[in-house]
Amino acid sequence: MKKKIRLLIIVSVLGLLALSLIQGYLINNTYKLKKTAFISETRRSISRMDDLSPVLDTINDMWQDRFLNYVADFYAKQISKKQLLSSLKSYTDSINSLYIVTYQKELKKKNIEYNLKFNKIVNTIIIADSIGNNSDTIYNSKPKKGFHLLGDKFTIENGHKVSSSLWLTDHSFNREIDGELKSFVYNLQFETEDRMNIDGWKQIVLGRMTLLLAASIFIFLLVFGLLYYSIKNLITQKKIVDVKTDFVNNITHELKTPLSTLTLATKMLKVNHKDAISKNTQSIINTIERQNVRLQKLIDQVLNNSLGYQEIELRKEKVNATEYLHTIIDDFQLSLDSKSIQIDKNINVNQNIFIDKFYFTTAILNILENAVKYGKENLKIIVKANDSKDFKVSISDNGIGIPKKELKFLFDKFYRVGNKEIHNVKGLGLGLYYTNQIVRAHHGTIEVNSELTKGTTFTITIPL
Ligand code: ATP
Ligand code: MG
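Residues numbered from 1 in each chain as written. Chains lettered and ligands numbered in written order. Predicted model: local features only at pLDDT ≥ 70, side-chain atom pairs only at ≥ 80, totals over all residues. Heavy atoms only, no water.

Regarding the overall build of the chain
Item 1. Each helix and strand counted, the chain has 10 helices and 12 strands in total.
Item 2. In terms of overall dimensions, the chain has a C-alpha envelope of 165 × 50 × 40 Å along the principal axes.
Item 3. Classification of the 464 residues of the chain by burial places 36% in the buried group.
Item 4. Considering only contacts within the chain whose residues lie at least 6 apart along the sequence, 71% involve residues at least 24 apart.
Item 5. With the model as given, the accessible surface of the chain reaches about 28800 Å², and the carbon-plus-sulfur share is 56%.
Item 6. Each charge sign in the chain was given a centre, from 64 positive and 47 negative side chains, and these centres are 7 Å apart. (Helix = DSSP H or I, 4+ residues; strand = E, 2+ residues; numbered from the N terminus. Buried < 20%, exposed > 50% of the residue type's maximum accessible area, 1.4 Å probe, protein only. Contact = heavy atoms within 4.5 Å. Areas by Shrake-Rupley, 256 points an atom, 1.4 Å probe, with all protein chains shown as cover. Lys, Arg positive; Asp, Glu negative; His and termini not counted. Charge placed at Lys NZ, Arg CZ, Asp CG, Glu CD.)

This is the structure we're talking about:
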């Protein structure tokens, strides 16, 4: 039992652990899905903002015009690459605060209630001649990181990409070189990327999962609590049962000593004062003796019949089953006072059986005694035995029967069916418990079939 409880606890804890792992996995998956959904939802609502807002569009036109002129200067070899980049940067820096304010205004219009930052970074700038030859890379983000052009400042790692755009254009211009006006055409390849940064997006996503998280925690605590409560209850119950069993065993044991003294005392009284005792006193002493014997028998029954099947030590022997069963039934019939009880024998066993005669007899007698105790007038008991596959002996009576719902408790220690409404026969409720323990010690099984008011059949099966 202790082992079983420990196993139950281990299995429950492992189960709970597995459940938490699965729950954690599912929550993590939901979190990832919600995060992706939230980011793409934000991305969708701000994409093409530059094109849709006239002010932003104008700002973009402004820096793009400037930029084309700087590139022209570079193409005409009037400034260096470095100067080109720093001119672009200082121009966009000068209009950046206007850009940010306008952008935030547009966000407000879109009802984005969380704090969103946005920027545009440059990935590549490549210039080639009009037919696309002699390309010259002014800037490339591949070995480095893209550089900030417009918008809020945040690191690349802290942002999410919104979109990237490639601006391809042919630009023609005139420049006076050494007093001569020359016309040029160049081809520009300019790649930018729009990025966004959402302040506290983790909290926002988690906030959207509050209900799920709260429900998960609640269910987990509920299951944990119920499990804890059940196991605690089980252990308490087991302790109570142990204490009760110990108590019954101890008290019956303790009762034996005074009863033996009483037996001895009555015997001495009868022998030593044989002549002095009157007839009347003699009968009183006889009553004391009889009741004493009865009490001793009852105590022995409790003590012996409390044994579990693991504690029963069998001394098995080869027994001729037919002969053996006839003997017990005949002896039993003789012990009955009533002549109106009929016992039919239908015994057809050809093989010898291996049993402990002492214990097996007790088992059979317990069933026979019950048949008589819970029988009716004109009781008829049928004992059948055969050895078709295993050795089977069944004992049927036409007695008061047992309600169907009680059958599964019948072999429990101290269990008795119903109360006075069903029968008023006295007993301890140990007979069938002990019979079952004996049968189990023989590696056999016992079955019961019963119909209320019709009768009961017990069948014992023992492997040959
Ligand atoms: P004990 O045998 O310890 O003196 P008991 O007869 O009450 O007491 P069991 O032999 O274990 O205990 O039987 C348990 C209960 O099963 C009985 O109280 C009785 O209600 C019911 N029972 C057993 N055999 C029969 C039967 N043949 N017919 C009807 N009821 C039965
Ligand atoms: Mg009984």
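Regarding the site of ligand 1
Item 1. The full set close to ligand 1 counts 21 residues, and Asn370, Tyr374, Arg416, Leu430 and Leu432 are the nearest of them.
Item 2. Between ligand 1 and Lys373 there is a distance of 3.1 Å, counted from an oxygen atom to a side-chain nitrogen or oxygen.
Item 3. Backbone polar atom of Leu430 to an oxygen atom of ligand 1: 2.8 Å apart, as the coordinates give it.
Item 4. Burial of ligand 1 by the surrounding chains reaches 97%, relative to a free accessible area of 590 Å².
Item 5. Every element with two or more residues in the shell around ligand 1 is listed here: α9 (357-373), α10 (431-441) and β12 (455-462).
Item 6. Each residue belonging to the shell around ligand 1 can be placed in one class, and the counts come to 10 nonpolar, eight polar and three charged. (Near = heavy atom within 4 Å. Polar contact = N/O pair within 3.5 Å; in protein donor to acceptor, adjacent residues only side chain to side chain. Nonpolar A, V, L, I, M, F, W, Y, C, P; charged D, E, K, R; others polar.)

Considerations on the domain arrangement of the chain
As a measure of interface size, the accessible area lost when the parts come together is often cited.
Item 1. Under the domain assignment used here, the chain contains domain 1 (47-208), domain 2 (229-305) and domain 3 (317-462).
Item 2. The centre of domain 2, based on its C-alpha atoms, is set 27 Å off from the matching centre of domain 3.
Item 3. Each partner contributes to the interface: domain 2 provides seven residues, whereas domain 3 provides six residues.
Item 4. Surface buried jointly by domain 2 and domain 3 totals about 560 Å² across both partners, of which 67% is contributed by carbon and sulfur atoms.
Item 5. Inspection of the region where domain 2 meets domain 3 yields zero salt bridges. (Domains from an automatic or database assignment. Buried area = accessible area lost by both parts, 1.4 Å probe. Salt bridge = Lys/Arg side-chain N within 4 Å of Asp/Glu carboxyl O.)

So, the packing of α9 against α10
Item 1. At their nearest, the axes of α9 and α10 sit 9 Å apart, and the two run at 145 degrees to each other. As for how α9 packs across α10, the hand of that crossing is left-handed. Taking contact as the criterion, the partners of Tyr359, Phe360, Thr362, Ala363, Asn366, Ile367 and Asn370 in α9 are, on α10, Gly431, Leu432, Tyr434, Thr435 and Ile438.
Item 2. Classifying every residue of the contact of α9 with α10 gives seven nonpolar, five polar and no charged. (Axes fitted to C-alpha atoms, helices over the stretch in contact; angles between N-to-C directions. Left-handed = near helix turned anticlockwise from the far one by under 90°.)

A short note on the packing of aromatic side chains
Item 1. The final tally for this structure, using the stated rule, is 18 aromatic pairs.
Item 2. Ring pairs connect the aromatic residues Trp63, Phe67, Trp167 and Phe190, which therefore count as one cluster. (Phe/Tyr/Trp six-rings, centres within 6.5 Å; stacked < 30°, edge-to-face > 60°.)

A closer look at helix α8 (residues 321-335)
Item 1. Its 15 residues give α8 an end-to-end C-alpha distance of 21 Å, which sits within 8% of 21 Å, the value for a rise of 1.5 Å per residue.
Item 2. Buried within α8 we find Ala321, Tyr324, Leu325, Ile328, Ile329 and Phe332. Along α8, the residues classed as buried sweep out an arc of 120 degrees about the axis, all on the same side. Across α8 from its buried face, at more than 90 degrees, point the exposed residues Glu323 and Leu334.
Item 3. Structurally, α8 contributes buried residues whose contacts are with β6 (317-320), β7 (342-348), β8 (352-355), α9, β9 (380-386) and β10 (391-397).
Item 4. Its side-chain oxygen placed 3.2 Å from the backbone nitrogen of Thr322, Asn320 serves as the N-cap of α8. (Expected span 1.5 Å × (residues − 1). Arc of directions from axis to C-beta.)

Focus on the environment of Ile127
Item 1. By the secondary structure assignment, Ile127 is in strand β1 (residues 116-129).
Item 2. When its relative accessible area of 2% is taken as the criterion, Ile127 is described as buried.
Item 3. Taking the C-alpha atoms as reference points, Ile127 and Tyr186, separated by 59 residues in sequence, lie 6.9 Å from one another.
Item 4. Residues in contact with Ile127, not counting those within four places in the same chain, are Val71, Phe74, Tyr75, Asn134, Ser135, Asp136, Ile138, Tyr186, Asn187 and Leu188.

Some remarks on the sheet that holds β10
Item 1. One open sheet accounts for five strands, arranged β7-β9-β10-β12-β11; its pairing is mixed. The strands lining the two open edges of the sheet, one partner per strand, are β7 and β11 (445-451). Within this sheet the neighbouring strands show an average axis-to-axis angle of 10 degrees, counted without direction.
Item 2. Against the sheet, α8 touches β7, β9 and β10, its axis set at about 175 degrees to β7.
Item 3. Against the sheet, α9 contacts β9, β10, β11 and β12, and its axis sits at roughly 20 degrees relative to β10. (Pairing = 2+ DSSP bridges.)

Some words on helix α1 (residues 2-46)
Item 1. Between the first and last C-alpha of α1 there are 65 Å, a value that for 45 residues agrees with the 66 Å anticipated at 1.5 Å per step.
Item 2. Within α1, the full set of buried residues consists of Ile5, Ser12, Leu16, Tyr31, Phe38, Ile39, Thr42 and Ile46.

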